[in-house]
Amino acid sequence: MELTTRKTKSLRKNEIFAGYMFILPCLFFLLFMAILPVFLTVFISLTNWGSVATDLSKISFVGFENYKDLFKDATFYTALKNNILLLFYTIPIQLILSFILAVLINKYCYFKNFFKSIYFLPYISSTVAVATIWMVVLQPSYGPVTEMLKAIGIENTPKWLSDLHWALPSLSGMVVWQNLGYDIIIILAALQTVPLELYESAEMDGANWFVKIRKITLPMITPTIFFLIIYETMETFRIFDQISVLTDGGPGDATQVLVYYLYKQAFRNSHINYGAAITVVLFIIVFVITLVQWIGRKKWVHE
Amino acid sequence: MNDIAVNNKVKGLRLNNKIKVGKIAVTIGLLTFGLVMILPFIWMISTSMKYEVDVFTFPIQWIPTKFRIIENYKEVWFGDAPFALYYFNSIKVTVITTFFSLLISSMAAFAFSKLNFPGRDKIFVLIIATMIIPDQVTLIPRFLYFKWLHLFDTHLCLIISMLFSQSSIFFITQFMKSLPAELSDSAKVDGAGTLRTFLNIMLPLSKPAIATMAIVKFIWSWNDYQNVLIFITNAKLFTIQIGVRMFTDRYGSFYSLIMAASVSAIIPLFIVFAIGQKYIIEGLTAGSVKG
C-alpha cells in the first residue's frame, strides 16, 4: 500500500517534471518572442536609441520626446489616415461580395469544392508574386486593364498605382481580390452550422429567399461576420508586403501606412526609437480593437 | 394513380427542373466570376511565355502567337539573379522552420492536453493571448537580438522568427484533447516513459492535425518577405520572395521575365495547394491567422 502511494507520488513528480520539459521550448519563445519584445519596444521608444546607434552606454531616457515628435509628424497622420481609409475601401465590399458568393456556393450551384479552391487560390499565393502581377496588369500606359478600359471608350484612364488619387483604391482592389477567398471559406463554414429546420419551417410559412436570408441566415452567422470584421481590420493594420513591392509608400505619401512607415524609420533611417514609438501606437490600436471584440461579442452578437 | 397524384408529380418535376435550371445558371455565373478571379494568374503564365514585344499587344493574346518559354525561364533561373540559389534557400528555410515549429508545437500540445502540472492552463491561456501581438511589434526587438547574438544576416534569424506558432499549439492541443485519455494513461502506468508515449502514441495519432498545421506553416514561411527584407542583406542568402523583388528592380520593364519569376515563386504553392487543399482550408478556417 505504502509502496504504491510512493510509486504514484514519484510518477506524479515525473509527470510534473515532464510537463515543464515539454513546454520549455515554447515558454522560451513565449518569453523572448512575445512578452519581452513588448516591454523592450516600449522601453526603446522612451530613449534616444536611434541617434547613438550601437553605443549602448550612451543611451539615455528622453521621456515622451519621441511621442511628442510623432504627434507633430504629418507623415504619421497620413499613414494612420491611409490605414483607416483602407478599412473602408476593403472590408465592406469584401464582406458583401464574400457573403453573396458563399451563399450561392453553399446551396445554389454544382462543383462546390471546385469553386472553393478557385476563390481561395489568391489568398495562399505569395503577396510578393501577386503584387508583381498586379504591377504589370496595372501598368498605366499600355497595361491590359488600361487597354480594356480604352477599348470600351474610357479615355482618361488613371495612372493606377502611380496616381496620387488612385494608388490607395488600386491597392485596395488588390487586397480585396487576394483576401476574398478567406472570407468566403469562413462564411461557408458558418453556413453549415445554420440548422436546416429553420429554413424548412420558414418555407412552410411561405417565406421567400430574401426573407430567409435576412431573418435566418444573417442573424445566425453574425458572430462570424463580426470575427471577420475584426480579423480583416487587424490584417489591414499589418499591411506591408504590397506597399513595399508596389509603391514604397508613394506617390508622395499616398500609400504610406503605419507598418511601412515604422519600417522606414527604424530600419532605413536607423531611427530605432522613433520606429519603436510607432510600433507602440500600432500595438495600442490593435489592442483596443481586440478589446472591442471581447466586449462586443457579448453585447452585439446573440450567439 | 389518380389525377391529383399525377398532377402533384408533374408539379414536383417542374419545380425540380426550375431548381436545376437556376442551379446551372448560378454555376455559370460563379464560373465567370471565378475566371475573372484567376485571370491575373492566367495572364501571368501567358506573359511568362511571350516575347517582350508581345506582352502588351491588344487585344490580349491569352495564348501567345510566338512562344519564348525556355529562353525566358533560363534567363530567370540561371541569369544574373540566381533563382536556383533563391529556391534552394527558400526550401531550406521553409523545411527547417516547418519541422521545428511543428515539433515544438506538438510537444507543448502534448503537455497541455495530456499531462498535469501546476499552472498548465494559465500558461496555455497566456500563449493564446499573445496571438494579438502582431509580428511587427516584435520586429525591432528581434532586430536587436539578432545584432547582439551576431545572428544578423543568417538564415537562423528567419527560422527563429517563425518558429513560435500559437495557432499550431492551439490547433494540435485541441486535437490531442479529443484523443481518449486511456491511450496515454495506460502507457504512463506501464512506465513507458513520457517521451515514448509522446513519440510512439501521441504523435502518430495526431498526424492529421500536425499535417494540417504543417501545410499552413509551409505556406506562410514560403511567402515570408518582411523578415528577409529586414534581416538579410547578403544576396547569397536571399529567398525566393526577395528574389522576385530584386529581379523586378533589376529588370524593370522586362515584363515577360518578371512574370516568369513570379510563376517560379508561385508554382510550389499551387502544387502544395493541389495536393493538400482539404488540409489547407481546414487549417485556415480553424481560426488560425497568418504566421
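Rules of the game
Residues numbered from 1 in each chain as written. Chains lettered and ligands numbered in written order. Predicted model: local features only at pLDDT ≥ 70, side-chain atom pairs only at ≥ 80, totals over all residues. UniProt positions renumbered as here; feature names shortened; annotations may be inferred. Helix = DSSP H or I, 4+ residues; strand = E, 2+ residues; numbered from the N terminus. Rg over C-alpha atoms; globule rule 2.2 N^0.38 Å. Buried ≥ 20, exposed ≤ 12 C-beta atoms within 10 Å, placed from the backbone. Contact = placed C-beta atoms within 7 Å. Core = buried A, V, L, I, M, F, W, Y, C linked by C-beta atoms within 7 Å. Nonpolar A, V, L, I, M, F, W, Y, C, P; charged D, E, K, R; others polar. Domains from an automatic or database assignment. Axes fitted to C-alpha atoms, helices over the stretch in contact; angles between N-to-C directions. Parallel < 35°, antiparallel > 145°, perpendicular 65-115°, else oblique. Left-handed = near helix turned anticlockwise from the far one by under 90°.

Within an unreviewed UniProt entry, the label attached to chain B reads Multiple sugar transport system permease protein, and the organism entered is Anaerocolumna xylanovorans DSM 12503. The UniProt entry for chain B carries the following text under Subcellular location (unreviewed entry): "Cell membrane". The UniProt entry for chain B carries this comment under Sequence similarities (unreviewed entry): "Belongs to the binding-protein-dependent transport system permease family."

As annotated in an unreviewed UniProt entry, chain A carries the name Multiple sugar transport system permease protein and is attributed to Anaerocolumna xylanovorans DSM 12503. What the UniProt record of chain A gives under Subcellular location (unreviewed entry) is the line "Cell membrane".

Student: How should I be thinking about the overall build of chain A in this particular structure?
Tutor: Across its full length, chain A carries 14 helices and zero strands. N-terminal to C-terminal, the α/β element order of chain A is α-α-α-α-α-α-α-α-α-α-α-α-α-α. Here the C-alpha atoms of chain A give a radius of gyration of 26 Å, more than 25% beyond the 19 Å that 2.2 N^0.38 yields for 303 residues. Summarising its shape, the C-alpha atoms of chain A cover approximately 70 × 65 × 35 Å along the three principal directions. Counting every position in chain A, which comprises 303 residues, the buried fraction comes to 40%. Considering only contacts within chain A whose residues lie at least 6 apart along the sequence, 68% involve residues at least 24 apart.

Student: Explain the overall build of chain B here, please?
Tutor: Helix and strand counts for chain B stand at 13 helices and zero strands. Ordered by position in the sequence, the α and β elements of chain B form the string α-α-α-α-α-α-α-α-α-α-α-α-α. What you see for chain B is a C-alpha radius of gyration of 26 Å, clearly larger than the 19 Å of a compact globule of 291 residues, by over 25%.

Student: What is the right way to look at the UniProt feature "transmembrane region" (unreviewed entry) in chain A in this model?
Tutor: On the UniProt side, "transmembrane region" (unreviewed entry) is annotated at positions that read residues 21–46, 84–105, 117–137, 180–199, 211–231 and 272–295 of chain A here. Measuring from the first to the last C-alpha atom of residues 180–199 of chain A gives 27 Å, for a span that is 80% helix and 0% strand.

Student: For this particular structure, what's the right way to read the nonpolar core?
Tutor: Core analysis: the largest hydrophobic core is formed by 151 residues, its most contacted members being L258 and V259 of chain A together with A108, I172 and A261 of chain B. Of all the elements, helix α8 (residues 167–191) of chain A adds the most residues to this core, at 14 residues. Leave out the neighbours within four places in its chain, and A108 of chain B touches F22, I23 and C26 of chain A together with I169 of chain B.

Student: Help me understand the UniProt feature "domain: ABC transmembrane type-1" (unreviewed entry) in chain A, please; the structure alone is not making it clear to me.
Tutor: According to UniProt, the "domain: ABC transmembrane type-1" (unreviewed entry) feature falls on residues 80–293 of chain A. End C-alpha to end C-alpha, residues 80–293 of chain A measures 21 Å, and it is 75% helix and 0% strand.

Student: Got a minute to help me understand the interface of chain B and chain A in this structure?
Tutor: Accessible area lost upon the coming together of the parts is a frequently used measure of interface size. Contacts between the two partners involve 64 residues from chain B and, on the opposite side, 71 residues from chain A. Looking at the side of chain B that touches chain A, the elements that each hand over two or more residues are α1 (3–47), α3 (83–114), α4 (120–129), α5 (139–148), α10 (207–223), α11 (226–231), α12 (240–251) and α13 (255–285) of chain B. For the side of chain B that touches chain A, the leading source of residues is α13 of chain B, giving 13 residues. Classifying every residue of the side of chain B that touches chain A by side-chain character gives 45 nonpolar, 15 polar and four charged.

Student: When you look at the environment of G34 of chain B in this model, what are you seeing that I'm missing?
Tutor: Topologically, G34 of chain B is positioned in helix α1. Excluding its chain neighbours within four sequence positions, the residues that come into contact with G34 of chain B are F115, I118 and Y119 of chain A.

Student: Is there a simple way to think about the UniProt feature "transmembrane region" (unreviewed entry) in chain B in this case?
Tutor: Residues and elements named next belong to chain B. As recorded in UniProt, the feature "transmembrane region" (unreviewed entry) lies at residues 21–45, 86–111, 123–144, 197–222, 228–247 and 254–275. Annotated as residues 21–45, this span is 100% helix and 0% strand, and its ends, taken at the C-alpha atoms, are 34 Å apart. The annotated region residues 86–111 carries 100% helix and 0% strand content, and the separation between its end C-alpha atoms amounts to 37 Å.

Student: Quick question: what am I supposed to make of unusual backbone geometry here?
Tutor: Trans is the prevailing form of peptide bonds, just as negative phi is the prevailing case for residues other than glycine. Phi at W160 of chain A takes a positive value of approximately 45 degrees, unusual for a residue other than glycine. Here W160 of chain A shows up in the loop between α7 (144–151) and α8. Using a count of 22 C-beta atoms within 10 Å as the deciding quantity, one classes W160 of chain A as buried. With a phi angle near 55 degrees, H150 of chain B is a residue other than glycine that sits in the positive phi range. Positionally, H150 of chain B belongs in the loop between α5 and α6 (155–163).

Student: Would you take a moment to explain the domain arrangement of chain A for this structure?
Tutor: Residue and element names in this part refer to chain A. Examined at the domain level, chain A breaks down into domain 1 (2–45) and domain 2 (65–300). On a C-alpha basis, the centroid separation for the pair domain 1 and domain 2 is 38 Å. Between domain 1 and domain 2, the residue contacts involve five residues of the former and eight residues of the latter.

Student: Even after reading the chapter, I still don't get the domain arrangement of chain B, so can you show me in this structure?
Tutor: Each assigned domain of chain B is listed here: domain 1 (3–47) and domain 2 (74–285). Here domain 1 of chain B and domain 2 of chain B have C-alpha centroids that lie 40 Å from each other.

Student: When you look at the packing of α3 of chain B against helix α7 (residues 166–177) of chain B in this model, what are you seeing that I'm missing?
Tutor: Each pair of packed helices can be summarised by the angle the axes make with each other and by the distance between the axes. Residue and element names in this part refer to chain B. Put simply, α3 and α7 touch, their axes get as near as 8 Å, and they point 45 degrees apart. On the basis of their axis angle, the class for α3 and α7 is oblique. Note that α3 runs across α7; the crossing there is right-handed. In contact with S101, L102, S105, S106, A108, A109, F110, F112, S113 and K114 of α3, α7 contributes S168, I169, I172, T173, M176 and K177. When its residues are assigned to classes, the contact of α3 with α7 shows eight nonpolar, six polar and two charged.

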